[in-house]
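So you can see what is in the structure, the chains are spelled out below.
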Amino acid sequence: MTLSRFVFLFVLISFSASAQKDYKLWLQYNKITNPEIVSEYKSSLKSIISFGNSETLKIATKELETGILSILDQKPEIKKEIEGENNLIIGSQFSLNSDLQKALQSDFEKINNEGFIIKSIALKNKKQLIITGKNDVAVLYGVFSFLRLMQTNKSLKDLNIADSPKTNIRILNHWDNLDRTVERGYAGFSLWNWQKLPDFIDQRYIDYARANASIGINGTVLTNVNANALILTPQYLEKVEALANVFRPYGIKVYLTARFSAPIEIGNLKTADPKDPEVMNWWKNKATEIYKRIPDFGGFLVKANSEGQPGPQNYGRDHVDGANMLADAVAPFGGVIMWRAFVYSEHDANDRAKQAYAEFQPYDGKFKENVIVQVKNGAIDFQPREPFHPLFGAMPKTPLMMEFQITQEYLGFSTHLVFLPKLFQEVLASDTYQKGKGSTVAKVVDGSLYNNKITGIAGVANIGNDLNWTGHPFAQANWYGFGRLAWNPYLDAEVIADEWLRSTFSNDENFIKPVKKMMMESREAVVNYMTPLGLHHIMDTGHHYGPGPWVSNLSRPEWNPVYYHKADKNGIGFDRSKTGTNATAQYAPEVEKLFDNLETCPEKDLLWFHHVSWDYKLKNGQTLWNGLALKYQEGVNQVAAMQDVWNKTGKYIDSERFHEVQMLLEIQYKEAKWWRDACLLYFQQYSGKELPLGVEKPTQTLDYFKSLKFPFAPGNG
Ligand code: GCV
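Residues numbered from 1 in each chain as written. Predicted model: local features only at pLDDT ≥ 70, side-chain atom pairs only at ≥ 80, totals over all residues. Heavy atoms only, no water.

Asks: Residue-level account of the domain arrangement of the chain, with values.
Replies: Partitioning the chain into structural domains gives domain 1 (20-163), domain 2 (169-504) and domain 3 (528-574 + 611-707). Centre-to-centre separation of domain 2 and domain 3, based on C-alpha positions: 31 Å. Taken over both partners, the interface formed by domain 2 and domain 3 buries close to 2200 Å², and the fraction arising from carbon and sulfur atoms is 59%. For the pair domain 2 and domain 3, the number of links is zero salt bridges. Counting across the interface, domain 2 meets domain 3 through 13 residue pairs in polar contact (both at pLDDT 80 or more). Here the residues of the side of domain 2 that touches domain 3 are counted per class, giving nine nonpolar, 10 polar and five charged. (Domains from an automatic or database assignment. Buried area = accessible area lost by both parts, 1.4 Å probe. Salt bridge = Lys/Arg side-chain N within 4 Å of Asp/Glu carboxyl O. Polar contact = N/O pair within 3.5 Å; in protein donor to acceptor, adjacent residues only side chain to side chain. Nonpolar A, V, L, I, M, F, W, Y, C, P; charged D, E, K, R; others polar.)

Asks: Could you give me a rundown of the site of the ligand, with the residues and numbers involved?
Replies: Taken together, 15 residues are adjacent to the ligand, and Glu 183, Lys 303, Arg 340, Lys 376 and Glu 409 come closest. Contacts to the ligand include Arg 184, whose side-chain N or O atom sits 2.9 Å from an oxygen atom. Contact with the protein chains removes 96% of the 340 Å² of surface that the ligand exposes when unbound. Within the shell around the ligand, the residues separate by chemical class into four nonpolar, three polar and eight charged. (Near = heavy atom within 4 Å. Areas by Shrake-Rupley, 256 points an atom, 1.4 Å probe, with all protein chains shown as cover.)

Asks: Requested: an account of helix α17 (residues 509-530), with residues and values cited.
Replies: Over its 22 residues, α17 runs 32 Å from end to end, which matches the ideal 32 Å to within 8%, given 1.5 Å per residue. Along α17, the largest kink reaches about 35° and is centred on Ser 522. A distance of 2.9 Å separates the backbone nitrogen of Asn 510 from a side-chain oxygen at the start of α17, and that oxygen is part of Asp 508. (Helix = DSSP H or I, 4+ residues; strand = E, 2+ residues; numbered from the N terminus. Expected span 1.5 Å × (residues − 1). Bend = angle between axes of the 7 residues up to and from the residue.)

Asks: Talk me through the packing of aromatic side chains; I want residue IDs and the actual numbers.
Replies: Tallied over the full model, the rule gives 48 aromatic pairs. Considering the side-chain rings of Tyr 186 and Phe 413, the 4.0 Å spacing of their centres and the 15° angle between planes classify their relative orientation as stacked. Separated by 227 residues along the polypeptide, Tyr 186 in the loop between β7 (169-173) and α7 (203-214) and Phe 413 in the loop between β13 (400-405) and α13 (421-428) bring together distant segments of the chain. Each of the two residues, Tyr 186 as well as Phe 413, counts as buried. Taking 5.1 Å as the distance between ring centres and 85° as the angle between the ring planes, the aromatic pair formed by Trp 192 and Tyr 208 counts as edge-to-face. With Trp 192 in the loop between β7 and α7 and Tyr 208 in helix α7, this residue pair connects regions lying 16 residues apart in the sequence. (Phe/Tyr/Trp six-rings, centres within 6.5 Å; stacked < 30°, edge-to-face > 60°. Buried < 20%, exposed > 50% of the residue type's maximum accessible area, 1.4 Å probe, protein only.)

Asks: Describe in detail the sheet that holds strand β1 (residues 47-51), supporting the description with residues and values.
Replies: The mixed open sheet is built from six strands, whose spatial order is β2-β1-β3-β5-β4-β6. Because the sheet does not close on itself, it has two edges, and the strands there are β2 (77-79) and β6 (160-163). Averaged over neighbouring strand pairs, the angle between their axes works out to 25° when direction is ignored. Pairing of strand β4 (residues 116-123) with β6 involves four bridges; the strand directions are antiparallel. Bridged to Lys 119 within β6 is Asn 160. Where helix α6 (residues 136-151) meets the sheet, its contacts fall on β3 (87-92), β4, β5 (126-133) and β6, and the angle it forms with β5 comes to roughly 125°. (Pairing = 2+ DSSP bridges. Axes fitted to C-alpha atoms, helices over the stretch in contact; angles between N-to-C directions. Contact = heavy atoms within 4.5 Å.)

Asks: So, the packing of helix α21 (residues 624-647) against helix α22 (residues 655-687): which residues are in play, and what are the values?
Replies: Running from N to C, α21 and α22 point in directions that differ by 170°, and their axes come no closer than 9 Å. With respect to α22, the element α21 is oriented roughly antiparallel. For the contact of α21 with α22, the class distribution of residues is 18 nonpolar, seven polar and four charged. (Parallel < 35°, antiparallel > 145°, perpendicular 65-115°, else oblique.)

Asks: Pulling in residues and values, what's your account of the nonpolar core?
Replies: Judged by nonpolar contacts, the single largest core of 225 residues is most densely connected at Phe 146 and Phe 683. Aside from chain neighbours lying at most four places away, what touches Phe 146 is Leu 45, Leu 64, Leu 88, Ile 118, Leu 129, Ile 131, Leu 156 and Leu 159. Among the nonpolar cores identified, the runner-up in size contains 12 residues, and Leu 100, Leu 104, Phe 108 and Leu 123 belong to it. (Core = buried A, V, L, I, M, F, W, Y, C linked by side-chain atoms within 4.5 Å.)

Take a look at the structure:
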């Protein structure tokens, strides 16, 4: 072989090995090198015995085999019977033998239907390790959790874990269109290859299901909430059925978005009025048709009378009429309707932040049992920071599910490194005070505050057909973290970051410590360089890429950034206090008071709730103008610090991912400066003040920033 051919082959092989790492997400199963852990694991993991032979259990057994072989370089023996000690036994409660069932009886009382047990037990004086649950999918969750322990190098001695998900519906919302474009998608095209379905089953569908099962996600809405009725035609339902068949053994149910006008568009009816008997019948028949194909179909997600989507109001009806009509159609089959509360109207001159609450709160208690109202985490739209949505806690008789956005529509697309579990945790831990102190959003979402029967968390997916699934290697952590928090909304973001880093990259403390810190600070960095001190929605129009605080020419007032920051000679910020739109009154009195009063309003939310003068004194003694400018600078500095951290990690990880992240951080740094300079130059026109010491001078003019256009920014339909 010539030298150049050798070099070429070497590069090719190492490239594909690296690319596979990107693809393998947090399921790397890296070989452990720490000799103590290796010897502990090897002695306790000699063989696997699995009780039961369902598709799911086969997947679970295979996963264990693959994981253990890869992590320990030791192939576990697959046994049929329990003999000797140190067997790893898996199986669901009723497929276990009677000795095991008896030994674990009290443990089963500690878990719900989807929960699992991982326990070291002595059976006839012999030590065994058991992974079990009430059904096979729960066992699969247990297996993945066990492999997580191994991947994070935890001791397997004397394990006694009983863990159950705290929410029922843990679901991804794909905003995927039938032409495979993805609304607000920054990781390529949709995974769903509708053209080749149902006959061609892409390996990606299986890998997608496996990755989701590994973090406990149990549902997926395949299609965009800006829906296309065609998905409900037999031609497409056949394809949906094929996907449902792939996902089923992984415990993942398929859901679809229902276009409210479908009875007209594909059903040849004259109306989609939810009170029209023909319409009601059409949906009932449609549900029957779907459930015939997909008996475990999850139900519908609906965006109605929102941003131009059709809905019951087109017929003089309301959200309750619409949701309940659909609920009746799927109820006989156990389906649910996830009805979105993301509404604001061009005909409503009220503060946009108040509109969803104003419209939905009075409906409390009026929805059917199988309706759950899906509420975005904040009252505007997935901003880098928003106070929690006032609807949380305010509808005691209605189950509410959380909608987070995993795809980074307003947080730098798949270019910026932002660890979102920090944001998710901040929202979930917020106290609504609706039933006194401690009424956190997490308690609303997991149903414990009001004893709701159905509970759920949705995440707008950041997944596409990019080789690494999410565009940015670190955006994988947001998919992972979403799943973990959907399982347990009380988990700490730092724990999630730790698990993810160890499972995705390395267990080396020299890598983990600084990189974890970098992840934990990344969310505050993006807030600082985009929208500090409570600013929001000042992104450029339509695509939301880059700054556009100057935009004021859009037909709907609330689509213009100037609507949100209200900068003028007197100051900046949206007065939502009593002296303004009184949006604060939508919160419980304790929270209302806190936000309403300038003295007590947290500074991170200051300009969300108050219009304050440029000379207003911040808690650190700075004037608002200086403080704002310094925050922008701090954001830029934080990205520079992230780069410093990352640049030292090269020796711990593969070169491909190292270089990918390095390049992305370089772009993030450039764009953070762009945000800082564009926003400060624009706001400076109103403040009329010099930049304070410590803030770098812009190298371009405001006109230059205004002239930048991005007609092909991704994800914009
Ligand atoms: C799917 C925002 C986004 C839209 C999205 C909408 C929604 O307005 O920019 O792309 O539409 O939210 O959540 O329905």
